[in-house]
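Examining the three-dimensional arrangement
Letter by letter, the chains look like this.
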Amino acid sequence: TECVSGCVCPEGLFDDGRGGCVEERDCPCTHNNQWYSSGDKITVDCNTCTCQKGVWSCTDHVCYGTCMIYGSGHYITFDGKFYDFDGNCEYVAIQDFCGDKNSSGSFSIITENVPCGTTGVTCSKAIKMFLGKTELKLENKEYKEIQRDVGDDVLYWNRTVGLYLVIEASNGVMLIWDKKTTVFIKLSPDYKGKVCGLCGNFDDKSNNDFTTRSGLQETNALKFGNSWKQSPMCPDVTHEIKPCDMKPHRKSWAEKECSIIQSEVFEICHSKVDPIPFYEACVHDACSCDSGGDCECFCSAVAAYAQECTKAEACVFWRTPDICPMFCDYYN
């Protein structure tokens, strides 16, 4: 009913959001705050999406899920929930023996946590992987196989890829270990909603990941974590450890070193993967590793963020001769 000051596109053309007017077939799309022209393709998990008339059209493959355990008790579940749990015991990371849904499971992965400093925080020291009647124990940069009397035969393969030892089983379970404190567990989509443990239930909903061993929903990470301990003899974790409060002289060093995660080095990743939980985890680890290995703790924490960035299609070259150098010639 009245004139409004401003610019509009001529009839039949559309505002492209970048100050221009285009035909409908040339409308751009946005993803993670970035603009893509019509016809551009991006990869999201294991699917390819194509920009068509301003709308993404994606393939609908069902993707493998990934759970990450790293540093001093940091967990990212299959459904993307990020939490901390510092317990000094053996815990079920993931298994498919989950109550009455399927009484006979085919695998379980146990993480053994030990103190990694004087503040009481714990790191994963050893991993046990049960595949049918085979038990694999990964510890001290190597693994050994133990044959048990019960269970089925499950085939598996192992190989070394760069820094990582990769164990892949015929039942759709894969474990990737950096031979230190970082573990990635990958599961085929067949396990969606059929697993349990510290890595959650892999049902694409993060709000029910804190399901205890008895099947109850918890909101508290400590109660949830305690329910998955292997031995009732281990003490329960009763409070969250704050190593920077206990070692205030390390706090400023930790914040300065870990600031790389929030710096322009990782700028292309910030809109794709929230850096704040990774930064906080890095400061926590850099404060806590006070009995040697503090650089290793810091490097593992930054590498965890870099790994998530790579998954989100933001490849960052952050290592330098001064910051966590990597001797690629040796690993190649």
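Cut-offs used in this document
Residues numbered from 1 in each chain as written. Predicted model: local features only at pLDDT ≥ 70, side-chain atom pairs only at ≥ 80, totals over all residues. Heavy atoms only, no water. Pairing = 2+ DSSP bridges. Helix = DSSP H or I, 4+ residues; strand = E, 2+ residues; numbered from the N terminus. Domains from an automatic or database assignment. Contact = heavy atoms within 4.5 Å. Buried area = accessible area lost by both parts, 1.4 Å probe. Phe/Tyr/Trp six-rings, centres within 6.5 Å; stacked < 30°, edge-to-face > 60°. Buried < 20%, exposed > 50% of the residue type's maximum accessible area, 1.4 Å probe, protein only. Disulfide = S-S within 2.5 Å.

As recorded in an unreviewed UniProt entry, the chain goes by MUC2 protein and comes from Furnarius figulus.

Bringing the pairing of strand 15 (residues 142-147) into the picture now. Of the pairings in the sheet, the one linking strand 14 (residues 134-139) to strand 15 comprises 6 bridges and is antiparallel in character. Paired with Leu-138 across the bridge in strand 15 is Tyr-143. Between strand 14 and strand 15, which pair antiparallel one after the other, the connecting turn spans 2 residues, and Asn-140 there sits at a positive phi close to 50°.

A few words on the pairing of strand 16 (residues 156-161). Sheet topology places strand 16 next to strand 17 (residues 164-169); 6 bridges connect them, and they run antiparallel. Paired with Trp-157 across the bridge in strand 17 is Glu-168. Counted between consecutive antiparallel strands, the loop separating strand 16 from strand 17 contains 2 residues, among which Gly-162 sits at a positive phi close to 55°.

This part takes up the domain arrangement of the chain. What the domain assignment lists for the chain is domain 1 (14-58), domain 2 (65-227) and domain 3 (243-312). One C-alpha centre belongs to domain 2, the other to domain 3; they are set 23 Å apart. Opposite the 20 residues of domain 2 that make contact, domain 3 presents 19 residues. For the pair domain 2 and domain 3, the two sides together bury roughly 1400 Å², of which 62% comes from carbon and sulfur.

Let's shift gears to the packing of aromatic side chains. In this structure the tally under the stated criterion is 13 aromatic pairs. Considering the side-chain rings of Tyr-83 and Phe-210, the 5.0 Å spacing of their centres and the 80° angle between planes classify their relative orientation as edge-to-face. Remark: Phe-210 occurs in the loop between strand 19 (183-187) and helix 1 (221-227) and Tyr-83 occurs in strand 10 (residues 82-84); sequence separation between them is 127 residues. Side by side, Tyr-83 and Phe-210 carry an identical accessibility label, which is buried. With 5.1 Å between their ring centres and 90° between their planes, Phe-85 and Tyr-91 make a pair best called edge-to-face. The two residues Phe-85 and Tyr-91 agree in class, both being buried.

What follows concerns the state of the cysteines. According to the stated counting rule, one finds 12 disulfides in the structure shown. With its sulfur 2.0 Å from that of its partner, Cys-49 forms a disulfide with Cys-58. On the sign convention where negative is left-handed, the bridge of Cys-49 and Cys-58, at about 110° about the S-S bond, is right-handed. Taking the relative accessible area as the measure of exposure, Cys-49 reaches 5% and is therefore buried. One disulfide bridge connects Cys-67 with Cys-199, the sulfur atoms lying 1.9 Å from each other. The disulfide joining Cys-67 to Cys-199 has a torsion of about -70° about its S-S bond and is therefore left-handed. Taken together, the positions of Cys-67 in strand 8 (residues 65-70) and Cys-199 in the loop between strand 19 and helix 1 put the pair 132 residues apart, joining distant regions of the chain. Cys-51 provides the cysteine sulfur closest to Cys-27, a residue in no disulfide bond, and the two sulfurs are 8.4 Å apart. Looking at Cys-315, it has no disulfide partner, and the nearest cysteine sulfur is the one in Cys-309, 9.3 Å off.

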